[in-house]
Amino acid sequence: MAGSSPCASCKLLRRRCAKDCIFAPYFPSDDPRKFAIVHKIFGASNVSKMLQEIPVHQRADAVGSLVYEANARMRDPVYGSVGAISYLQNQVSQLQMELAVAQAEILCIQMQQEPNLPIQLDQDEKSLLLASCNNFNGIPQYFNFASSSNVIQDPLKRESLWT
């Protein structure tokens, strides 16, 4: 980037920033950390090759993805963003089960208060459901799954992966 200040990549690599520098539009000099992380994970040469192969109108999105993945790899070198996705999928599954338990508890309470509700269950199913309603107090403990060791524990409590 010809002018007052070289881009973050040229600063880090200690080279003169040409006016046709491929990094300049995506790694401004006021955010050196962004390029430093991408460079550490992918290497400047690889990033340059990737950007040259991508159409100009898609490069900003590609750089955003590289920054996101580089930050994820810094936090979890083995799984990167896949670890964060896996963690969130497990969390969604756990919350869906907790919701199902809560809905079943609501149904049990409704059935206990009004046993003749027009619920489409036969009498045996209603009896079984009412009998199991007393067991819901211990069920939530079974839904607190221990996180797998191959998944990062809580990627959302840390700073954003986009920075």
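Calculation rules
- Residue positions within a chain follow its written sequence, with the count starting from 1.
- With the structure being a predicted model, the display of local features is reserved for residues of pLDDT at least 70 and the display and counting of side-chain atom pairs for 80 or more, all residues being used for whole-chain, interface and lining totals.
- Hydrogen atoms and water are omitted, and side-chain values are computed over all heavy atoms in the structure.
- UniProt positions are given in the numbering used here, feature names are shortened, and annotations may be inferred rather than shown by experiment.
- Helix numbering and strand numbering both begin at the N terminus, where a helix is a DSSP run of H or I of at least 4 residues and a strand a DSSP run of E of at least 2.
- Only protein chains enter the calculation, and the probe is 1.4 Å; a residue is then buried if its accessible area is under 20% of its type maximum, exposed if over 50%, and partly exposed in between.
- Residue contacts are counted whenever heavy atoms from the two residues lie within 4.5 Å of one another.
- Exposure was quantified through the Shrake-Rupley algorithm and a 1.4 Å probe, taking into account, for residues, occlusion by the shown protein chains and nothing else.
- Whenever a carboxyl oxygen of Asp or Glu lies within 4 Å of a side-chain nitrogen of Lys or Arg, that contact is scored as a salt bridge.
- For a helix, the expected span equals 1.5 Å multiplied by the number of residues minus one.
- Whenever a helix is involved, its axis is fitted only over the stretch in contact; in every case the axis is a line through C-alpha atoms, and angles between N-to-C directions fall within 0 to 180 degrees.
- Any angle that is under 35 degrees is reported as roughly parallel, and any over 145 degrees as roughly antiparallel; angles of 65 to 115 degrees are reported as roughly perpendicular and all others as oblique.
- A residue counts toward a patch only above 30% relative accessible area and without a salt bridge, and it is joined to like-charged neighbours within 9 Å or, for Val, Leu, Ile, Met, Phe, Trp and Tyr, to nonpolar neighbours within 5 Å.
- Under the pairing criterion, centres of Phe, Tyr and Trp rings, with the six-membered ring standing for Trp, must be within 6.5 Å; the plane angle then separates stacked pairs below 30 degrees from edge-to-face pairs above 60, leaving the rest tilted.

In the annotation of an unreviewed UniProt entry, the chain is listed under the name LOB domain-containing protein and assigned to Salix dunnii. Recorded in UniProt under Sequence similarities (unreviewed entry), the annotation for the chain is "Belongs to the LOB domain-containing protein family."

Looking only at helices and strands, the chain features six helices and zero strands. The proportion of buried residues among the 163 residues of the chain is 29%. The contacts in the chain between residues at least 6 apart in sequence include a share of 53% that link residues at least 24 apart. Here the chain has roughly 11,000 Å² of accessible surface; of this, 54% comes from carbon and sulfur atoms.

It is worth spelling out the pattern of salt bridges at this point. Taken as a whole, this structure holds one salt bridge when the rule is applied. Arg73 is the partner of Glu69 in a salt bridge, and the nearest nitrogen-oxygen pair spans 2.9 Å. Pair noted here: Glu69 and Arg73 are both in helix H4 (residues 56–75), with a separation of four residues, about one helical turn. For Arg73, a relative accessible area of 27% corresponds to the partly exposed category.

Turning our attention to the environment of Leu12. Structurally, Leu12 is set in helix H1 (residues 8–13). A relative accessible area of 42% means that Leu12 is categorised as partly exposed. The spatial distance from the C-alpha of Leu12 to the C-alpha of Ala36 is 7.2 Å, given a sequence separation of 24 residues. Once residues within four sequence positions are removed from consideration, Leu12 is found in contact with Phe35, Ala36 and His39.

If you check helix H5 (residues 81–113), its first and last C-alpha atoms are 48 Å apart, about what 33 residues at 1.5 Å a residue would give, namely 48 Å. Those residues of H5 not exposed but buried are Ser81, Gly83, Ala84, Tyr87, Val101, Cys108 and Met111.

Okay, the packing of helix H2 (residues 32–42) against helix H3 (residues 44–53) next. Contact geometry for H2 and H3: axes closest at 7 Å, N-to-C directions at 100°. What the angle tells us is that H2 and H3 run roughly perpendicular. Counting all contacts with H2, which are made through Phe35, Val38, His39 and Phe42, the residues of H3 involved are Ala44, Asn46, Val47 and Met50.

Glancing now at the side chain of Ser81. Note that Ser81 resides in helix H5. If sequence neighbours within four positions are ignored, Ser81 has contacts with Tyr68, Glu69 and Ala72.

So, on to a nonpolar patch on the surface. On the surface, Val78, Tyr79 and Val82 cluster together into a nonpolar patch covering about 280 Å² of accessible area. With respect to the element layout, Val78 can be found in the loop between H4 and H5.

Taken as a whole and judged by the stated rule, the model has three aromatic pairs. An aromatic cluster is built from Phe23, Phe27 and Phe35, whose rings are joined through pairwise contacts.

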